There are 2 protein chains.
Amino acid sequence: MDVPIRHWSSLTLAEQDALLARPALRDPQERRAAVRAIIERVRREGDLAVRELTERHDGVRLEDLRVDEAEIAAAERALPPAALAAIDLAIANVRRYHQAQPSGDYAVVTFPGIRCERISHPIDAVGLYVPAGSAPLPSTAIMLAVPAALAGCPRRVLCTPPRRDGRADPAVLVAAARTGIREICKIGGAQAIAAMAYGTESVPRVDRIFGPGNAWVTAAKSEIAADPAAASIDMAAGPSELLVIADATAAPAFVAADLLSQAEHGADSQVLLVTTDERLARQVLAALAAQLVQLPRRAIAAQALEHARVIVVEDLDAAAEVSNRYAPEHLSVQTAAPRALLPQLRNAGSIFLGPWSPETAGDYASGTNHVLPTYGQARSVSGLGVDHFRRRMSVQELSEDGLRAIADTLQALAGLEGLEAHAQAVRIRVGDRAAASSSR
Amino acid sequence: MDVPIRHWSSLTLAEQDALLARPALRDPQERRAAVRAIIERVRREGDLAVRELTERHDGVRLEDLRVDEAEIAAAERALPPAALAAIDLAIANVRRYHQAQPSGDYAVVTFPGIRCERISHPIDAVGLYVPAGSAPLPSTAIMLAVPAALAGCPRRVLCTPPRRDGRADPAVLVAAARTGIREICKIGGAQAIAAMAYGTESVPRVDRIFGPGNAWVTAAKSEIAADPAAASIDMAAGPSELLVIADATAAPAFVAADLLSQAEHGADSQVLLVTTDERLARQVLAALAAQLVQLPRRAIAAQALEHARVIVVEDLDAAAEVSNRYAPEHLSVQTAAPRALLPQLRNAGSIFLGPWSPETAGDYASGTNHVLPTYGQARSVSGLGVDHFRRRMSVQELSEDGLRAIADTLQALAGLEGLEAHAQAVRIRVGDRAAASSSR
């Protein structure tokens, strides 16, 4: 545990930037080429390719890629009652948060005789990817499937990697079944993304693909996002992150536990502590060292802590500035008056206010979505919501008078752009300006 | 004019798919490599690279890449009063439509003691790309700058290619100035996207890049979208499209004029007529031929018409099905009761109802946005709105009782996922389950 304590105000702008720079993502070009090859194979060969790739990467040969009713029933029986109750409560809270999201539909008369509307519909077919590598993630099944169901998407397909025994993780299956998913495929990695983007014999082609994943999944999503003929994607997922803003009133053990809960996600996770109090910083580091050794995933967490940052700032304004420049996925505020700082916090995926709001609550069951922008994308990208599962259309309806009233405007703009056929589509309806004025 | 009339119900599913397939986009891999090289040069060399690329691609050497006050004043003087009035009316209508868009912020108590909120902020810095290749597009400046201003984005940078005389298109400048843009750079193509994504001496680095463009611009946007450390993008823009649904009551000359207004955009534009009336189809084709010869851009339109489609369907239900399967950018409904069909129309960027709503109206001044999903992306992607210029964060605040109430749930889910540090962040606050029940 050798995280240096840095003093923000003593750093130059360039040093500050360097301190907040994310670790570089490795081998992007090489991995992209490999992922392109997987995608091409799945497109060409369908299930045949998926089965072979599954055998190679997941170590199991599957004849039937789909999960059947019997496997779901077995999963229900395999889970203890406390686990089932936990899944149900998480679903209920996530549903309550998401069903409050407004549709955003509206209508407005922009000009006499011109009525414009925005209306939304559920996306016809969505694909949900639930990772199950070093940790199977039933919570992710909930975070994807609940908004998909609330949005009303008629077709919801879920892919998750099989275990070596050929079954899917039972908690993932139960979470999926209880959130109304009827089509589940045991496929992981880039091959799952390719199968949902282009369709195979077993996997329906979907219009949009959702969910986090490892570097292979992320690279595959990025590839298909570049193909306009394929499915679109929710967002690019990177390594997970937590930034904690704390003052002298924070409990060092709470802060340390929160940083570790993020660090255990993966060796590439990043955690940052930004504090007004150097003494607290030292106490948190001591608590971190003490708690770390007790963790089953301490090797992973220790690797993640190698690129942890501890930054001492002069006041909470400076803390907010550091956080906004870093733009963390998760932001925890453990100060005397956390809500007072909220108006200054601009760039974050999800914010956790106060000592009783550990990141764990948002990961599982406060109700908010845990699919969030990473790697600084919180500057411009929003966490997942029901909106992402719907698609908006604009509608305009002009009366004859409405069109006549803006006909000169339309023709003048068409003239500025040199698009004569655009002008002609107006003139053929209302006559040209001279004709219009003489006939009136 | 040799567009065959096809009868939908006589086609197999595979033939229907083939008929609705978009023309393939050319040389994507080759162009991507060239675009990657441009992006790398701009990242490494900044303005120096931008100046050289501008000289090569736009045929002009610019010392100052930024537009100054004098150039904007000259642009205002260069435009006739009718053009200025048209720009102002378009801005007013676009503003009226967009400012009615709800923020979508809300708060909800998901469980006693657990308050969750969604709050939104403007994106700090946005980059707007306005093409000016075969046609300079002041209307696009309006469509990008109005929602950016309404969203409240503090920094709004606009890039548009210079003409050979070193000036930017005056109508683009006036539209930009009148929608509150203060930073305008004369840079086009992939180099403009790279400059805004990574920043140069003259161009500020932005968080998100918006706007349509040619294949080079699209490829550059797709490249930077794959780099999580770069700006995000609004959407991938492809060739423009219009599908018209018409019945026997439609005016053939109107329909033909609308199809041509779309066809003149570019040789790769696609137009489709779906009609219940074969006689109307023949009349539209005759009107198309007669109107085409009068157009200044008839060579471009004629090329676009080579991949036009005319499809006769049995009834309007089938017409809606064809449209939903194609998912057009623009959808015009010229039938006896256009609004009656609206509930069946699911996949489209923007819909134009009735004979007095030419696509030209939406391109310029009905108020709706003309930056819309193309190439079938309307199945899952929405046209541009104020939302795209804001970013949402979720917030949760738990009371001690709130955390205690879901503590078992959180620990059970952490247990299912094998994430012990997640459980520990809860336990360290509320004690373990046994301790909690014995102490109460």
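Residues numbered from 1 in each chain as written. Chains lettered and ligands numbered in written order. Predicted model: local features only at pLDDT ≥ 70, side-chain atom pairs only at ≥ 80, totals over all residues. Heavy atoms only, no water.

Turning our attention to the overall build of chain A. Along chain A, the regular secondary structure elements total 18 helices and 14 strands. Taking as baseline every contact in chain A between residues at least 6 positions apart, the subset at least 24 positions apart corresponds to 75%. Just so you have it, chain A exposes about 15,200 Å², and 51% of that area is on carbon and sulfur atoms. The centroid of the 46 positive side-chain charges in chain A is displaced by 3 Å from the centroid of its 52 negative side-chain charges. (Helix = DSSP H or I, 4+ residues; strand = E, 2+ residues; numbered from the N terminus. Contact = heavy atoms within 4.5 Å. Areas by Shrake-Rupley, 256 points an atom, 1.4 Å probe, with all protein chains shown as cover. Lys, Arg positive; Asp, Glu negative; His and termini not counted. Charge placed at Lys NZ, Arg CZ, Asp CG, Glu CD.)

Ring pairs (aromatic) are described by centroid distance and by the angle formed between their planes. A full pass over the atoms with the stated rule returns six aromatic pairs over all chains. One residue, A:R22, lies across the ring of A:Y326, its end atom 3.6 Å from the ring centre. (Phe/Tyr/Trp six-rings, centres within 6.5 Å; stacked < 30°, edge-to-face > 60°. Lys NZ or Arg CZ within 6 Å of the ring centre and 35° of its normal.)

All names here are of chain B. A large share of strand 12 (residues 330-334) lies buried, amounting to five of its five residues. A two-sided burial pattern is seen for strand 12, the buried positions comprising H330, S332 and Q334 on one face and L331 and V333 on the other. Summarising the sheet, strand 9 (residues 241-246) and strand 12 pair through five bridges and their orientation is parallel. Within strand 12, the position partnered with L243 by the bridge is L331. Pairing geometry for strand 12 and strand 13 (residues 350-353), over four bridges, is parallel. Residue pairing for strand 13: L331 is matched across the bridge by I351. (Buried < 20%, exposed > 50% of the residue type's maximum accessible area, 1.4 Å probe, protein only. Pairing = 2+ DSSP bridges.)

Moving on, we come to the relation of the copies chain B and chain A. Of the transformation placing chain B onto chain A, the axial shift is 0.0 Å and the rotation is 180 degrees, giving an RMSD of 0.0 Å. Expressed as a symmetry operation, the mapping of one chain copy onto the other fits a two-fold axis. For chain B, the minimum C-alpha distance to the rotation axis belongs to B:G104 and amounts to 3.4 Å. Mapped onto chain A, 99% of the interface residues of chain B again fall at the interface, so both copies present the same surface. (Least-squares fit on C-alpha atoms with pLDDT ≥ 70 in both.)

Spatial strand order, 6-5-4-7-8 (chain B): five strands in an open sheet with parallel pairing. Each having just a single partner strand, strand 6 (183-186) and strand 8 (232-233) of chain B make up the two edges of the open sheet.

With that settled, the discussion passes to the side chain of B:E329. All names here are of chain B. Among the secondary structure elements, E329 is positioned in the loop between helix 13 (316-326) and strand 12. Although buried, E329 forms no salt bridge, and the nearest oppositely charged side chain, R22, lies 8.1 Å from it. Within the structure, the side chain of E329 is placed 2.9 Å from the backbone nitrogen of E241, a separation counted as a polar contact. Sequence-distant contacts of E329, defined by excluding residues within four places in its chain, comprise P239, S240, E241, A348, G349, S350, H370, L372, P373 and T374. (Salt bridge = Lys/Arg side-chain N within 4 Å of Asp/Glu carboxyl O. Polar contact = N/O pair within 3.5 Å; in protein donor to acceptor, adjacent residues only side chain to side chain.)

What follows covers the interface of chain B and chain A. In this assembly, 127 residues from chain B lie in contact with 126 residues from chain A. Carbon and sulfur atoms supply 58% of the area buried between chain B and chain A, which totals about 11,000 Å² over both sides. On the chain B side of the contact with chain A, B:R346, B:W356 and B:R429 bury the most area, a combined 8% of that side's loss. Here chain B and chain A share 14 salt bridges between them. Here B:R118 ties to A:D387 by a salt bridge, and the two come within 3.9 Å at their closest N and O atoms. Applying the counting criterion to the chain B and chain A interface returns 85 residue pairs in polar contact (both at pLDDT 80 or more). By the bridge criterion, four bridges tie strand 14 (residues 390-398) of chain A to strand 13 of chain B in an arrangement that is parallel. Counted as the bridge partner of A:S394 is B:S350 from strand 13 of chain B. (Buried area = accessible area lost by both parts, 1.4 Å probe.)

Structurally, A:T110 can be placed in strand 2 (residues 106-111). Note on A:T110: relative accessible area 1%, which makes it buried. When the C-alpha atoms of A:T110 and A:A337 are compared, they prove to be 44 Å apart, with 227 residues separating the residues in sequence. When residues no more than four places from it in sequence are discounted, the contact partners of A:T110 are A:C116, B:N93, B:R96, B:Y97, B:S366 and B:G367.

On to the packing of helix 17 (residues 420-430) of chain A against helix 10 (residues 252-263) of chain B, then. When two helices pack together, their arrangement is given by the angle between their axes and by how far apart the axes lie. Closest axis-to-axis distance for the helix 17 of chain A/helix 10 of chain B pair is 8 Å, and the angle between their directions is 165 degrees. Overall, the two elements helix 17 of chain A and helix 10 of chain B adopt an arrangement that is roughly antiparallel. Pair helix 17 of chain A / helix 10 of chain B crosses with left-handed handedness. Where helix 17 of chain A approaches helix 10 of chain B, its residues A:A421, A:H422, A:Q424, A:A425, A:I428 and A:R429 are matched on the opposing element by B:A253, B:F254, B:A257, B:D258, B:L260 and B:S261. Here the residues of the contact of helix 17 of chain A with helix 10 of chain B are counted per class, giving seven nonpolar, three polar and two charged. (Axes fitted to C-alpha atoms, helices over the stretch in contact; angles between N-to-C directions. Parallel < 35°, antiparallel > 145°, perpendicular 65-115°, else oblique. Left-handed = near helix turned anticlockwise from the far one by under 90°. Nonpolar A, V, L, I, M, F, W, Y, C, P; charged D, E, K, R; others polar.)

With that settled, consider the sheet that holds strand 6 (residues 183-185) of chain A. All names here are of chain A. Spatially, five strands are ordered 6-5-4-7-8 in an open sheet, and the strand pairing comes out parallel. Edge positions in the open sheet fall to strand 6 and strand 8 (232-233), since each of these has one partner strand only. Pairing analysis gives three bridges linking strand 4 (residues 125-129) to strand 7 (residues 208-210), with the strands arranged parallel. Residue pairing in the sheet places L128 in a bridge with F210 of strand 7.

Residue and element names in this part refer to chain B. Counted according to the given criterion, the structure contains 62 salt bridges over all chains. Between E76 and R178 there is a salt bridge, with its nearest N and O atoms 2.6 Å apart. Taken together, the residues span a long stretch of sequence, with E76 in helix 4 (residues 69-78) and R178 in helix 7 (residues 170-178) at a distance of 102 residues. The partly exposed category is assigned to E76, whose relative accessible area is 23%. What makes R178 partly exposed here is its relative accessible area of 27%. For the salt bridge of E117 with R115, the shortest nitrogen-to-oxygen distance reads 3.3 Å. By relative accessible area, E117 is classed as buried at 7%. Among the residues examined, R115 registers a relative accessible area of 35% and is labelled partly exposed.

Residues and elements named next belong to chain A. Viewed as axis vectors pointing N to C, helix 1 (residues 13-20) and helix 13 (residues 316-326) meet at an angle of 60 degrees, and their least axial separation amounts to 10 Å. In terms of their interaxial angle, helix 1 and helix 13 are classed as oblique. Between helix 1 and helix 13 lies a crossing of right-handed hand. Contacts between helix 1 and helix 13 involve L13, Q16, D17 and L20 from the first element and V322, R325 and Y326 from the second. A class-by-class count of the residues in the contact of helix 1 with helix 13 yields four nonpolar, one polar and two charged.

With that settled, consider helix 13 of chain B. Residue and element names in this part refer to chain B. Buried residues of helix 13: A318, A319, A320, V322, S323, N324 and Y326, and no others. Close packing links the buried residues of helix 13 with helix 1 (13-20), strand 9, strand 10 (270-275), strand 11 (309-312), strand 12 and helix 14 (338-341). One side-chain oxygen at the N-terminal end of helix 13 lies 3.3 Å from the backbone nitrogen of D317; it belongs to D315. Of the residues flanking the end of helix 13, it is A327, one or two places downstream, whose phi is positive at about 60 degrees.

What follows covers the state of the cysteines. One pass over the structure, following the stated rule, counts zero disulfides over all chains. Sulfur of A:C159: no disulfide; nearest cysteine sulfur belongs to A:C185 and is 4.7 Å away. (Disulfide = S-S within 2.5 Å.)

Moving on, we come to the environment of A:R156. Residue and element names in this part refer to chain A. Looking at the secondary structure, you find R156 in strand 5 (residues 155-159). Linking R156 and L128, residues 28 residues apart in sequence, is a C-alpha distance of 7.3 Å. Apart from residues lying up to four places away in sequence, R156 is in contact with V126, A148, A149, T179, G180, I181 and E183. Polar side-chain contacts of R156 include one of 2.9 Å to the backbone oxygen of C153. A polar side-chain atom of R156 sits 2.9 Å from the main-chain carbonyl oxygen of G180.

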